[in-house]
Amino acid sequence: MSAVSSFLFVTILIFCQIISIIADQKDLSICDFVAATNIQHIILPGDKIVFGWSCTESHLPHTDPCIGSQGNADPDADFPVWTGVKCNDFGISEISLPSIGLTGSISSTFGLLTTLINLNLGYNCLAGTVPHTLGSLTLLTGLQLNNNSLAGWIPQEFFCSTTIAMTPANARLGLDARFESGMTSLKTLGLGGNRFSGELPVSAAAVIKSPFAPTSYYYCYKVMESLLHLDLGDNSLTGRLPNEMGRLMQHLQQLDLQNNWFGGPVPFSLGGSGGIGSTNTLQRLELRDNIFTGVIPSSFQLLTALQRLTLSNNTFEGEIPLEWLCARQNGNLMSLDLRFNKFGGDVPTSVGRCTALQHLLLHHNRIEHRIPSEVGLLGELRTLQLSHNRLTGGLPTNIGQCRALTELHLQSNQISGDIPSALGSLGALKMLDLSGNSFMGSTLPPDLLHCSALQSLNLANADIGGALTAFEAAGGAIGEKWRMLTYLNLELNEFTGVLPSTVGFLNRLVVLKINDNELTGELLLLIYSY
């Protein structure tokens, strides 16, 4: 036998052995998962059963999961399609079993399914810890374990990788002979809605260095360079966000860290400085319900693709960063949620540049001065929430240009002056709350009756007065114009005269508060007609 023939024979033999090992690992992983969960007993909607996913007493699958998945879709066939399983030429490439009521735990041998490209076990009832062996699935592009009851620390292997220079000789020759382990292909990592605790890895570290052996380097967050979606929200994670997290995740589009116990300042790298912002890819950033402190990093101005920024329920302070956030947005920002923080200063006039803004939530802060007239430039605005601040001055008259507005909440401020008749142009308005302000005896503009979509109107304790009958005479019958109204609060004001009987025609009305005014007349007719 020639040398070439011998080489080919050995190569084929080794390849067959590798295929055999992969097959054995596949069988072990599948049967361990069957033993650790209730998958054999699940009944799907429509009284459908889960096909496949059963093993013999010898711990071998009854059928090959990759035979049915490669074209045989007949559930009555000898080799039916295994529910949620797809294969390619190398083995199992996908296991997708979301929302089927899985209980039990994830077996550690799942890490032996080295051909996996996508693993989705989200929205189930899996418990226990996540095996660190999943971090060895180097081909994995999607890992979704969100909305289960998984607990413990998130395996460090999900964030870190090991790079090994194979031989010093190759290094001396300048050859790029390197081996890298870790989930370096990962694009989606969904771990939100579980019970994970602990801190995230802090930084990269060299582990082994020797002139006589391969050199190993342990890199944290380098594994996430290709990551597009990261969801760690709704857990119990603690500590500060490491700088490396922002600097290395350069292609990230969505980052969800909401409802954890992260604290300290937000790292500058999270908004740019060679990280996320440098590639302008981040579209959604969710940091609400944590204990972050300090100011919003100025590097956030580099996030020109940002569509949704949610920082509510923290202890951020300083001025609202709209001056540079809107200046660089080019009309992409659609939702800005900064409520329940300690922001001060005023609402910058630059808010008018955020022309795509649909939701502006700034309530429960320390914002002062007037509402800028530039708010009227926000033609797409649907929700404006500025309540529980320290706003003064009058309402801008051009607020009526926000024709898409459905909710306007300005309660608990120090707003004064007349209520602008331009509010009557808000035909889509469903909720209006001006309570707890000082309109100094201002009367209701009759044009307000043109807001025919109103469902909730709260004018309590707003120092508003005048005769409601005169309001009706100028604008139309309350019972006809506000037919959608379910909540009407006029208490603690200076309304005079008779309460119009047409209020009784508001057949959707659930709550009516008119106490502490100067209203007269009888309520019997009103109650009768209602």
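In case you missed it, the structure is sitting above this.
Worth saying up front: this structure is predicted, and the values here are computed from it rather than measured.

**Q** Tell me about the overall build of the protein chain, and name the residues and values.
**A** Summing up its helical and strand segments, the protein chain has nine helices and 38 strands in all. Split into buried and exposed, the 530 residues of the protein chain put 47% on the buried side. Put simply, of all contacts in the protein chain between residues at least 6 apart along the chain, 64% involve residues at least 24 apart. Split by element, the accessible area of the protein chain, about 23700 Å² in all, is 54% carbon and sulfur.

**Q** Before we move on, could you go through the pairing of strand 34 (residues 464-467) and cite the residues and values that matter?
**A** As paired strands, strand 32 (residues 442-443) and strand 34 are joined by two bridges and run parallel to one another. Paired with Ser442 across the strands is Ile464, a residue of strand 34. As judged from the three bridges shared by strand 34 and strand 36 (residues 494-498), these two strands associate in the parallel manner. Bridging from a neighbouring strand, Gly466 pairs with Phe495 of strand 36.

**Q** Outline the state of the cysteines, listing residues and values.
**A** Counted under the stated rule, the structure contains two disulfides. Between the sulfur of Cys31 and that of Cys55 lies a disulfide, 2.2 Å long from S to S. As the torsion about the S-S bond is roughly -100°, the Cys31-Cys55 disulfide counts as left-handed. With Cys31 in helix 1 (residues 3-36) and Cys55 in the loop between strand 2 (48-49) and helix 2 (65-68), this pair connects stretches of sequence that are 24 residues apart.

**Q** Please set out the environment of Gly497 residue by residue, giving values where relevant.
**A** Tracing the backbone shows Gly497 in strand 36. Linking Gly497 and Ala470, residues 27 residues apart in sequence, is a C-alpha distance of 9.2 Å. Excluding anything up to four places from it in sequence, Gly497 contacts Glu518, Leu519 and Thr520.

**Q** Lay out the sheet that holds strand 32 with the relevant residues and their values.
**A** Strands sit in the order 32-34-36-38 across an open sheet of four strands; the sheet is parallel. Looking at which strands have only one partner, the edges of the open sheet turn out to be strand 32 and strand 38 (518-520). Against the sheet, helix 7 (residues 468-475) touches strand 34, strand 36 and strand 38, its axis set at about 75° to strand 34.

**Q** Please give an account of unusual backbone geometry that cites residues and values.
**A** A positive phi angle is found at Trp53, which is not glycine, with a value near 50°. Position of Trp53 relative to the elements: it lies in the loop between strand 2 and helix 2. One non-glycine residue, Ser412, lies in the positive phi region at around 60°. Within the secondary structure layout, Ser412 lies in the loop between strand 30 (407-409) and strand 31 (431-433).

**Q** Break down the nonpolar core for me, citing the residues and quoting the values.
**A** Counting 124 residues, the largest nonpolar core has Trp53, Ile95, Leu121, Phe158 and Trp482 as its most contacted members. Looking at this core, the elements with two or more residues in it are helix 1, strand 3 (85-88), strand 4 (91-96), helix 6 (322-325) and helix 7. Here the element with the most residues in this core is helix 1; it accounts for four residues.

**Q** An account of the sheet that holds strand 5 (residues 103-104) is requested, with residue identities and associated values reported.
**A** Read from one edge to the other, the open sheet built from nine strands follows the order 5-7-9-13-17-19-21-23-25, with strand pairing classed as parallel. The open sheet is flanked by strand 5 and strand 25 (342-344), the only strands paired with a single partner. Across two bridges, strand 5 lies against strand 7 (residues 125-128) in parallel orientation. What sits directly across from Thr103, in strand 7, is Cys125.

**Q** Help me get a handle on the packing of aromatic side chains, residues and values and all.
**A** By the definition in use, this model includes seven aromatic pairs. Between the aromatic rings of Phe471 and Trp482, the centroid separation amounts to 6.0 Å while the plane-to-plane angle is 45°, which identifies the pairing as tilted. Here Trp482 lies in the loop between helix 8 (478-481) and strand 35 (487-489) and Phe471 lies in helix 7, a separation of 11 residues in the sequence.

**Q** Report on the pattern of salt bridges, specifying residues and quantitative values.
**A** What the rule picks out here adds up to six salt bridges. We note a salt bridge from Glu286 to Arg284, for which the minimum N-O separation is 2.9 Å. As a salt-bridge pair, Arg308 and Glu286 come within 2.8 Å of each other at their nearest N and O atoms. Remark: Glu286 occurs in strand 20 (residues 284-286) and Arg308 occurs in strand 22 (residues 308-310); sequence separation between them is 22 residues. Relative accessible area serves as the criterion here: at 36%, Arg308 is assigned to the partly exposed category. Residue Glu286 is classed as buried on the basis of its relative accessible area of 1%.

Definitions and cut-offs
- Residues numbered from 1 in each chain as written.
- Predicted model: local features only at pLDDT ≥ 70, side-chain atom pairs only at ≥ 80, totals over all residues.
- Heavy atoms only, no water.
- Helix = DSSP H or I, 4+ residues; strand = E, 2+ residues; numbered from the N terminus.
- Buried < 20%, exposed > 50% of the residue type's maximum accessible area, 1.4 Å probe, protein only.
- Contact = heavy atoms within 4.5 Å.
- Areas by Shrake-Rupley, 256 points an atom, 1.4 Å probe, with all protein chains shown as cover.
- Pairing = 2+ DSSP bridges.
- Disulfide = S-S within 2.5 Å.
- Axes fitted to C-alpha atoms, helices over the stretch in contact; angles between N-to-C directions.
- Core = buried A, V, L, I, M, F, W, Y, C linked by side-chain atoms within 4.5 Å.
- Phe/Tyr/Trp six-rings, centres within 6.5 Å; stacked < 30°, edge-to-face > 60°.
- Salt bridge = Lys/Arg side-chain N within 4 Å of Asp/Glu carboxyl O.

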